[in-house]
Amino acid sequence: MREKQLTLYKYFAEAMKYRIIFSILLAAFLSAGCQQHRYVVFSGYAQGGVYSVKADLAGVKTSPKAIQARIDALLDSIDFSLSGYNKNSLLSRYNRGEEIVPDRFFSEVRALSERYRAETGGAFDPASGPLFDIWGFGFTADSLPDPDRVAAALAACKEEKVLNFNAIAQGYTCDVVAEYLREIGVVNMLVDIGEIYCAGVNPSGRGWTIAVDNPVDDNQVPGSDLLDTWQSAGRPCGIVTSGNYRKFYIKDGKKYAHTIDPRTGYPVTHDLLGATIVAPTAAEADALATACMVLGPGPAKALIEARDDIEGFLICAESTWMSEGFRAQRVGTDIPQK
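Predicted, not measured: the structure shown is a model, and the values here were computed from it.

Asks: Is there a simple way to think about the packing of aromatic side chains in this case?
Replies: Here a ring pair, both rings aromatic, is described through the centre-centre distance and the interplanar angle of the planes. Using the criterion set out here, one finds six aromatic pairs in the structure. Taken together, a centroid distance of 5.5 Å and an interplanar angle of 40° make the contact between Phe-313 and Phe-326 tilted. With a gap of 13 residues between them, Phe-313 in strand β11 (residues 311-316) and Phe-326 in the loop between β12 (320-322) and β13 (328-330) connect regions that are remote in the sequence. Ring pairing ties together the aromatic residues Tyr-94, Phe-106 and Phe-165, which thus form one cluster.

What follows is the structure in structure tokens.
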């Protein structure tokens, strides 16, 4: 695993050499197509993958170089605070039982997590880290625990000695970067850091278009097999998809999905394959998409319909459902919509 991480770091380090040139060329191209805007793309490596931020800098006085530096600094700070893979992060130290002084990011994410845990009846629970670990989807490689270990992990969850912010951290990070962009005067933006936050319009003057992947087990490359595309209406929002089709393992002929129900301690068994949520913030969309995957089709639909400010798209094994305000266009599939 260490070798693989080093290889990835070397790859992204090499790729970063061309980032500034690419951003400048793309900015020139986008500006030529839409003179009233001045779009610039900022990109780099963060949270285990590549991030991309598209921002319209028309009227913005801060230089692209300074914006790039600030985005990278924010991402580094969030990694130091919330990453479970960074052994020196505040989260890792907290999980080791060390005393920490929570920073802004740690405090805000913990408060948001408590809010969404209450709102979803425990379907979203950042204290369920021990459950993910014993099932092999957390920071360890264990799997197929016996009932006694599940019971012990559930008890540990109640004590909140181990936290896991994976189900909200990327969405929250999008919000933090978007907040900075708004502070310097950016109105039109798309922030993609694993999850997505968007506002305003794209370089063509229309709402941002986001693809929804087809949730089948062999679809491991984002964008390679699409089911629908969603288009924003220009209002600021986060859009996040959670699913069981990329993180799972099969043992003794049985599939174990990475979605663990914090209320029972076991992987979910319903047929909801993917949930896409549009919410006022990416952190909220992230948390609620995870909760929907725990709840299953019926309760997830009820959760979405209970809120006027969120929209949702649920994909089951043999059908799909979307809320009335979900702006989607079908790419092509035989699955009927209901």
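Next comes the rest of the description.
Asks: Can you help me understand unusual backbone geometry in this one?
Replies: One can expect most non-glycine residues to show negative phi and most peptide bonds to be in trans. Positive phi, normally seen in glycine, also occurs at Glu-160, with a value near 55°. Tracing the backbone through its elements, the reader meets Glu-160 in the loop between α7 (147-159) and α8 (169-183).

Asks: Is there a simple way to explain the pattern of salt bridges in this structure?
Replies: Pairing between side chains of opposite charge can happen when the charged atoms of each approach one another. For the structure on display, the rule yields 14 salt bridges. Among the ionic pairs, Arg-307 bridges to Glu-119, the shortest N-O distance being 2.5 Å. Remark: Glu-119 occurs in helix α5 (residues 104-119) and Arg-307 occurs in the loop between α10 (297-305) and β11; sequence separation between them is 188 residues. Given a relative accessible area of 18%, Arg-307 falls into the buried group. Look at Glu-119 and you get partly exposed, because its relative accessible area is 29%. Between Glu-284 and Arg-307 there is a salt bridge whose closest N-O contact spans 2.8 Å. Here the residue Glu-284 occupies a position in helix α9 (residues 282-295), and Arg-307 occupies one in the loop between α10 and β11, the gap between them amounting to 23 residues. Of the two residues, Glu-284 and Arg-307, both sit in the buried class. One connected set of salt bridges, linked through shared partners, spans Arg-110, Glu-114, Arg-117, Asp-125 and Glu-160.

Asks: Before we go on, may I ask you to explain the environment of Pro-267 in this structure?
Replies: In this fold, Pro-267 is placed in the loop between β9 (254-257) and β10 (272-279). Counting along the chain gives 135 residues from Pro-267 to Phe-132, while the straight-line C-alpha distance between them is 9.4 Å.

Asks: When you look at the nonpolar core in this model, what are you seeing that I'm missing?
Replies: Nonpolar side chains in soluble globular proteins tend to be buried together. Among the nonpolar cores identified, the biggest contains 66 residues, and Ile-71, Leu-82, Phe-106, Phe-165, Leu-181 and Val-191 are the most heavily contacted of them. Here the element with the most residues in this core is α9; it accounts for eleven residues. Those residues within four positions of Leu-181 in sequence are excluded, and the remaining contacts are Val-53, Ala-55, Ile-67, Val-186, Met-189 and Val-191. Judged by nonpolar contacts, the second largest core, of 15 residues, contains Tyr-39, Cys-198, Val-212 and Phe-313.

Asks: When you look at the sheet that holds strand β7 (residues 237-243) in this model, what are you seeing that I'm missing?
Replies: Pairing between the strands of a sheet comes from backbone hydrogen bonds, and it takes one of two forms, parallel or antiparallel. Strand order in the open sheet made by the eight strands is β1-β2-β3-β4-β7-β10-β11-β12, with antiparallel pairing throughout. Strand pairing shows two members of the sheet lacking a second neighbour, β1 (39-46) and β12, which therefore form its edges. Looking at each pair of strands side by side, their axes are set apart by 10° on average, direction ignored. In terms of strand pairing, β7 meets β10 through six bridges, oriented antiparallel. Each residue of the ladder has a partner; that of Ser-242, found in β10, is Ala-275. Taken strand by strand, α8 contacts β2 (49-56), β3 (189-193) and β4 (195-199), and its axis lies near 150° from that of β3.

Asks: Explanation requested: the packing of α8 against α9 in the structure shown.
Replies: Axes are the key here: two packed helices are described by the angle between their axes and the distance separating the axes. Remark: α8 packs on α9, axes separated minimally by 7 Å, with the N-to-C direction vectors making an angle of 165°. When the axes of α8 and α9 are compared, the pair comes out roughly antiparallel. Considering how the two elements wind past one another, α8 and α9 form a crossing that is right-handed. For the pair α8 and α9, contact is made by Ala-169, Gln-170, Gly-171, Tyr-172, Cys-174 and Asp-175 and by Ala-282, Ala-283 and Asp-286, respectively. Class assignment for the residues of the contact of α8 with α9 results in five nonpolar, two polar and two charged.

Parameters at a glance
Residues numbered from 1 in each chain as written. Predicted model: local features only at pLDDT ≥ 70, side-chain atom pairs only at ≥ 80, totals over all residues. Heavy atoms only, no water. Phe/Tyr/Trp six-rings, centres within 6.5 Å; stacked < 30°, edge-to-face > 60°. Helix = DSSP H or I, 4+ residues; strand = E, 2+ residues; numbered from the N terminus. Salt bridge = Lys/Arg side-chain N within 4 Å of Asp/Glu carboxyl O. Buried < 20%, exposed > 50% of the residue type's maximum accessible area, 1.4 Å probe, protein only. Core = buried A, V, L, I, M, F, W, Y, C linked by side-chain atoms within 4.5 Å. Contact = heavy atoms within 4.5 Å. Pairing = 2+ DSSP bridges. Axes fitted to C-alpha atoms, helices over the stretch in contact; angles between N-to-C directions. Parallel < 35°, antiparallel > 145°, perpendicular 65-115°, else oblique. Left-handed = near helix turned anticlockwise from the far one by under 90°. Nonpolar A, V, L, I, M, F, W, Y, C, P; charged D, E, K, R; others polar.

Worth remembering: the numbers are spatial, not functional.
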